[in-house]
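Spelled out from the first residue to the last, the chains are:
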Amino acid sequence: MNSSSDVLPLDLLSFILERDTSRLVPGVRIKEADGVRGVQFVSPDVSMSFPLSQLLVNCDLFPKEFSIVLTLKVSRTAAKRNEHVFSLLAPKYLNKSKHEEKEAVSDTNEGKSSTEKKQQMEIQVKRNPEPGDVLLGLKISPKRLHFLMKGGSEAVEQWVFRGIGLADNQWHTLVLAVGEHHVRLTVDCNSPIEIVPSRPFSSDLNIQGSRFHIGSRGRWKGLFSGLLRQLVLVPGSDATHQICPSSDSKLAALSVPPLLLDLPIIGRQRDVTSDAEKRVSVGLERTCTELQQGQLWFSQEKKALYLCDGSAWITLLEDHKRLDYLLEKQVLTTSSETHDIEVFQIPGIGLMAAMAHRSPSSGSAVYLWTSSGFRLYQNISTHGALAWRHFNLGKKTFLVVSNSETGSEKQSSKDSGADNSVIYKWSKKRKRFVSFQTLQTFCARDWEAFNINHNTYLAVANHRWGNNNHTIESVIYKWNKSTKAFEIYQTIPTSGAYDWEFFSVGPYHFLVVANAFDGVTTSVDSVIYVWIDGRFQVFQKIKTFCATDWEMFQIGGRVFLVVANGHRLSGTGPSQYTINSTIYELDIGGQMFVRFQDIVTYSAVDWEFFSLGEEHFLVVANSFNGESYSLNSILYRWQGYEGFVPVHWLPTIGCSDWEYFTYQGESYLIYSSAKTPLFKVFKLKTY
C-alpha cells in the first residue's frame with residue numbers, strides 16, 4: 001500500500017494515552033478547566049511521540065488530502081512565543097540532540113487572501129530541510145496560527161492565519177482541512193478561512209521513518225503550554241461536516257480520549273490523580289478490558305449506549321431498526337418490458353404503482369397494493385412510455401407520462417419529430433385516471449414536478465428531435481391557475497436529456513439535468529441550475545458520461561448528489577459500460593458540489609436513496625456490462641468516513657428502476673426490467 005488516503009480517522013491523542021492504561025504517560029498531566037479535561041505537557045517526553053508507521057501501516061506517503069481536528073485551550077499569557085501543537089519530523093531527528101531549530105525563512109510575497117473576516121496569510125519557505133526537520137506541523141504564536149508542510153522541492157512552507165485570537169483562555173475546536181489546491185481552517189464551526197496557494201500541495205510527502213510528536217518538536221523549546229483535548233487525523237476527507245454544526249461548537253467532538261471524557265465538574269480546576277470516577281466516552285469505539293470495567297461508551301454513529309463489563313461492550317440503549325436481509329415478496333409478469341416505476345398514495349384508495357411499459361400495443365398499467373402484493377388496477381393507453389411522475393395540485397392527484405412514440409392518430413406530429421405526452425387526473429367519481437392535458441414533447445425521457453413559492457411546475461427532459469438531433473431544448477411548464485392548464489414558462493438547452501432532479505437547500509432551489517449524448521460523445525456536461533429572480537440559471541457544470549439519473553439526498557446536515565453514468569462513447573470507438581458513477585457533496589463554503597466517492601457501476605440507469613432507522617442506503621440499477629443484461633444490482637450502506645459500502649447483491653435482468661416504499665410499518669424495494677416483462681418486490685427484513 002503506497003498511500004494512506006483510505007485509512008479511517010486516527011485518534012492520535014488516544015493512541016498515546018491508551019498505550020498503557022495502568023498509568024499516565026510521562027511528561028503530561030490531566031488538568032480540568034471550566035469543567036472540561038485536557039492534557040497539559042510538562043516535558044517533551046519521548047513517550048508523547050511515536051513512529052507514524054505504527055498508525056499508517058504499509059503507507060510510504062502521507063495522504064494528499066486530509067483533515068486535522070483538534071480541541072485546545074490557550075491562556076492569554078501562554079502564547080508569547082512559538083509553541084508546537086504537533087510535529088511530524090523526518091527520520092534521525094532524535095539522534096541530533098544538539099540540533100538547534102533554524103527559522104531562517106524568506107517571504108515569497110504571495111500577497112493577501114481576503115476572507116469574510118479579512119484574514120491575512122503569508123507563505124514562508126525554509127530551503128533544504130535536513131533530517132529531523134518538520135515534514136508537517138502546527139504551531140501557535142501571538143495572534144497567529146502556522147501550518148507547516150514540506151513542499152515538492154525539499155522546502156518547508158508555512159501558511160499563516162493571522163488574527164485568529166486563540167489565546168483567550170477559552171476552549172476552541174479547530175478543523176484544518178488540506179486539499180490539493182487549498183488549506184481551510186474552521187474555528188468553532190464558524191465560516192471557514194481559506195488559503196489558496198500559488199501551486200498545488202505536494203502529493204508525494206514521503207513519511208518513511210518519520211516520527212509524530214504531540215505537544216512539541218521533541219525538545220523543550222516550543223513546548224505547548226496550553227491544554228489539548230482532542231487531536232484526530234482524518235485522511236482523505238474534510239471532517240468539518242462530521243462535527244459541525246454542533247450545540248457546543250467550542251467543544252465539538254469527533255473522538256476524545258476516555259481519560260478526558262468524564263462527566264464535567266463545572267467551575268473547578270484541579271489536577272486529576274484518580275481514574276476511579278465513572279466516565280462516558282463519546283466517539284470511536286474503544287477497547288473494553290478490566291481497566292475500563294464500568295465505563296460507559298456512547299456511539300454517535302449507532303445512537304446507542306454501551307457498558308464495559310470487563311471484556312466486552314454490553315448494549316444498554318438502542319432503539320433503531322437495522323437491515324438484516326431482503327426477502328423476495330412478489331414476482332409479477334407484466335404485459336411488456338418496463339422502463340420506470342412511480343409509487344404514490346391516493347387518499348381513500350391506497351398505495352399505487354404506475355408502470356411505464358415499452359410496448360405501445362399494450363399501453364401502461366397502474367397497480368394497487370394489497371396484502372398479497374400489487375394487483376392490476378387500470379390500463380392506460382401510452383406509446384413507448386419511458387417514465388411516470390405523480391404530483392398534486394391542492395387536493396387533486398395527477399400522473400404525467402413520457403411518451404417516446406406517437407400514436408397513429410397523430411401522424412403529422414410524428415413527421416415533425418414530436419410526440420404527445422399526457423397528463424392524467426384522478427377522478428374521484430370514476431376512481432380512475434382520465435386524460436387531462438396533452439403536451440408536445442420530443443422523445444421525452446423524464447418529468448419532474450416541483451413547487452416554488454406556492455406555484456407548481458413541470459420539467460420535461462426532451463431527449464432528441466427525430467433520430468439524430470440530441471441538442472434540443474427541454475421545457476419547464478408552469479400551472480396557470482386561471483386557465484387551469486400548464487403553459488410553457490422557460491426553455492433550457494440540453495444534450496440528450498435523460499432526467500431532471502429538483503431539490504432545495506435552505507432558501508435556494510436547484511434543478512439538475514442528466515445530459516447523456518450530444519450526437520458525437522457521451523462525455524458531456526450535466527448542469528445544475530439555481531432559481532434566481534424567477535428563472536433557473538446555471539450554477540455548476542459537471543462532466544458526466546451518458547448520465548441517466550441524478551439522485552439528491554441528505555445525511556445529517558450534509559447534501560449529496562449521485563449521478564448514474566451509463567457508458568463512455570466517443571466517435572467511432574467502442575462503448576465502455578463498466579465505469580464509475582460518482583457521489584458529489586455540496587461544499588457550502590465553496591458554493592459548489594465536489595467529488596465525494598466513485599462507485600463502479602455497469603451501465604447504471606437509476607439510483608434510489610432511502611433510510612431505515614438510523615441507517616442510510618443507496619441501491620443502483622445496473623443494466624448491462626457489455627455482454628449480458630443479467631447481473632447484480634447492488635445495495636450500499638452508509639458507513640460514515642468510508643462513504644457507501646456494498647452490503648447486498650440483488651440479481652436483476654436489465655434493471656431499469658428501483659423504488660423504495662413503506663406500507664403499514666414495513667419497508668419494500670421494487671425493481672423493473674427493461675429486457676423482460678416482469679417486476680419484483682423485495683421486503684426489507686430488520687432486526
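Residues numbered from 1 in each chain as written. Predicted model: local features only at pLDDT ≥ 70, side-chain atom pairs only at ≥ 80, totals over all residues. Heavy atoms only, no water.

Each helix and strand in the protein was counted, giving 3 helices and 48 strands. Counting over 687 residues, the protein shows a buried share of 56%. Across the protein, contacts joining residues at least 24 apart in sequence account for 54% of those joining residues at least 6 apart. About 29900 Å² of surface is accessible on the protein, with carbon and sulfur atoms providing 48% of the total. (Helix = DSSP H or I, 4+ residues; strand = E, 2+ residues; numbered from the N terminus. Buried < 20%, exposed > 50% of the residue type's maximum accessible area, 1.4 Å probe, protein only. Contact = heavy atoms within 4.5 Å. Areas by Shrake-Rupley, 256 points an atom, 1.4 Å probe, with all protein chains shown as cover.)

Further remarks concern the pattern of salt bridges. Under the counting rule described, the total for this entry stands at 13 salt bridges. In this structure, Asp-587 engages Arg-184 in a salt bridge whose closest nitrogen and oxygen atoms are separated by 3.4 Å. Of the two residues, Asp-587 sits in strand β40 (residues 578-587) while Arg-184 sits in strand β13 (residues 183-187), which places them 403 residues apart along the sequence. Both residues of the pair, Asp-587 and Arg-184, belong to the buried class. Of the charged contacts in the structure, one is a salt bridge between Lys-250 and Asp-188, with a shortest N-O distance of 3.4 Å. On the criterion of sequence distance, the pair formed by Lys-250 in the loop between α2 (240-243) and β17 (280-282) and Asp-188 in the loop between β13 and β14 (193-195) is long-range, its members being 62 residues apart. Here Asp-188 falls in the buried class, since its relative accessible area comes to 6%. One network of salt bridges, with partners in common, ties together Arg-184, Glu-194, Asp-238 and Asp-587. (Salt bridge = Lys/Arg side-chain N within 4 Å of Asp/Glu carboxyl O.)

Another point: the pairing of strand β23 (residues 350-357). Extensive coverage of β23 is indicated by the burial of 8 of its 8 residues. Sheet analysis places strand β22 (residues 338-346) next to β23, joined by 8 bridges and oriented antiparallel. Following the sheet pairing, Ile-341 is matched in β23 by Met-355. Two successive antiparallel strands, β22 and β23, enclose a turn made up of 3 residues, where Gly-348 displays a positive phi of approximately 85°. In this structure, β23 lies alongside strand β24 (residues 364-370), joined through 4 bridges in antiparallel fashion. Residue pairing for β24: Met-352 is matched across the bridge by Leu-368. (Pairing = 2+ DSSP bridges.)

On to the nonpolar core. Core analysis: the biggest nonpolar cluster contains 57 residues, and Phe-62, Phe-147, Ile-214 and Leu-231 have the highest contact counts within it. Apart from residues lying up to four places away in sequence, Leu-231 is in contact with Leu-10, Asp-11, Leu-12, Leu-13, Ile-68, Val-69, Leu-70, Phe-86, Phe-212 and Ile-214. (Core = buried A, V, L, I, M, F, W, Y, C linked by side-chain atoms within 4.5 Å.)

A few words now on the sheet that holds β40. Each strand in a sheet pairs with its neighbour through backbone hydrogen bonds, running either in the same direction (parallel) or in the opposite one (antiparallel). Read across the sheet, 4 strands follow the order β38-β39-β40-β41 without closing on themselves; strand pairing throughout is antiparallel. At either margin of the open sheet sits one strand with a lone partner, and together these are β38 (547-555) and β41 (592-602). The mean inter-strand angle of the sheet, taken between neighbouring strand axes irrespective of direction, is 20°. Relative to β41, β40 is paired through 10 bridges, and the arrangement is antiparallel. Each residue of the ladder has a partner; that of Ile-579, found in β41, is Thr-601. (Axes fitted to C-alpha atoms, helices over the stretch in contact; angles between N-to-C directions.)

It is worth spelling out the confidence of the model for the protein at this point. Within the protein, residue pLDDT values average 84, and 83% of them lie at 70 or more. Residue range residues 93-131 is modelled with pLDDT below 50. Its contacts to residues more than four positions away, or to other chains, number 89 contacts. In the model, residues 408-415 has pLDDT below 50 throughout and makes 6 contacts with residues more than four positions away in sequence or in other chains. (pLDDT = per-residue confidence, 0-100.)

Attention now goes to the sheet that holds strand β35 (residues 508-515). In space, the 4 strands of this open sheet follow the order β34-β35-β36-β37, with antiparallel pairing throughout. Pairing within the sheet leaves two strands with one partner each, and these edge strands are β34 (497-505) and β37 (535-545). Sheet twist, expressed as the average angle between the axes of neighbouring strands with direction ignored, equals 20°. In this structure, strand β36 (residues 523-532) lies alongside β37, joined through 10 bridges in antiparallel fashion. In the strand pairing of β37, Ile-532 is matched with Arg-535.

Mapping Lys-329 onto the fold places it in strand β21 (residues 323-333). The class for Lys-329 is partly exposed, based on a relative accessible area of 32%. The spatial distance from the C-alpha of Lys-329 to the C-alpha of Lys-683 is 5.8 Å, given a sequence separation of 354 residues.

Let's shift gears to a positive patch on the surface. Among the surface-exposed residues, Lys-395, Lys-396, Lys-428, Lys-481 and Lys-484 lie close enough to one another that they form a single positively charged patch. Considering the arrangement of structural elements, one finds Lys-396 in strand β27 (residues 396-403). (Patch = residues over 30% accessible without salt bridge, like charges linked within 9 Å, V, L, I, M, F, W, Y side chains within 5 Å. Lys, Arg positive; Asp, Glu negative; His and termini not counted. Charge placed at Lys NZ, Arg CZ, Asp CG, Glu CD.)

Relative to the helices and strands, Ser-49 resides in strand β4 (residues 49-51). For Ser-49, a relative accessible area of 1% translates into the label buried. Each C-alpha atom, one on Ser-49 and one on Gly-215, is 9.1 Å from the other, the two residues being 166 residues apart in sequence. A polar contact is formed between the side chain of Ser-49 and the side chain of Arg-211, at a distance of 2.9 Å. (Polar contact = N/O pair within 3.5 Å; in protein donor to acceptor, adjacent residues only side chain to side chain.)

A separate point is the environment of Leu-24. Its place among the elements puts Leu-24 in the loop between α1 (12-17) and β2 (28-33). Leu-24 sits in the partly exposed class, given a relative accessible area of 32%. Here Leu-24 is in contact with Arg-29, Ile-30 and Leu-259, once residues within four sequence places are set aside.

Mapping His-146 onto the fold places it in strand β10 (residues 144-150). At 2.7 Å, the side chain of His-146 forms a polar contact with the side chain of Ser-141. In this structure, His-146 is in contact with Asn-82, Gly-137, Leu-138, Lys-139, Ser-141, Gln-158, Trp-159 and Val-160, ignoring residues within four places of it in sequence.

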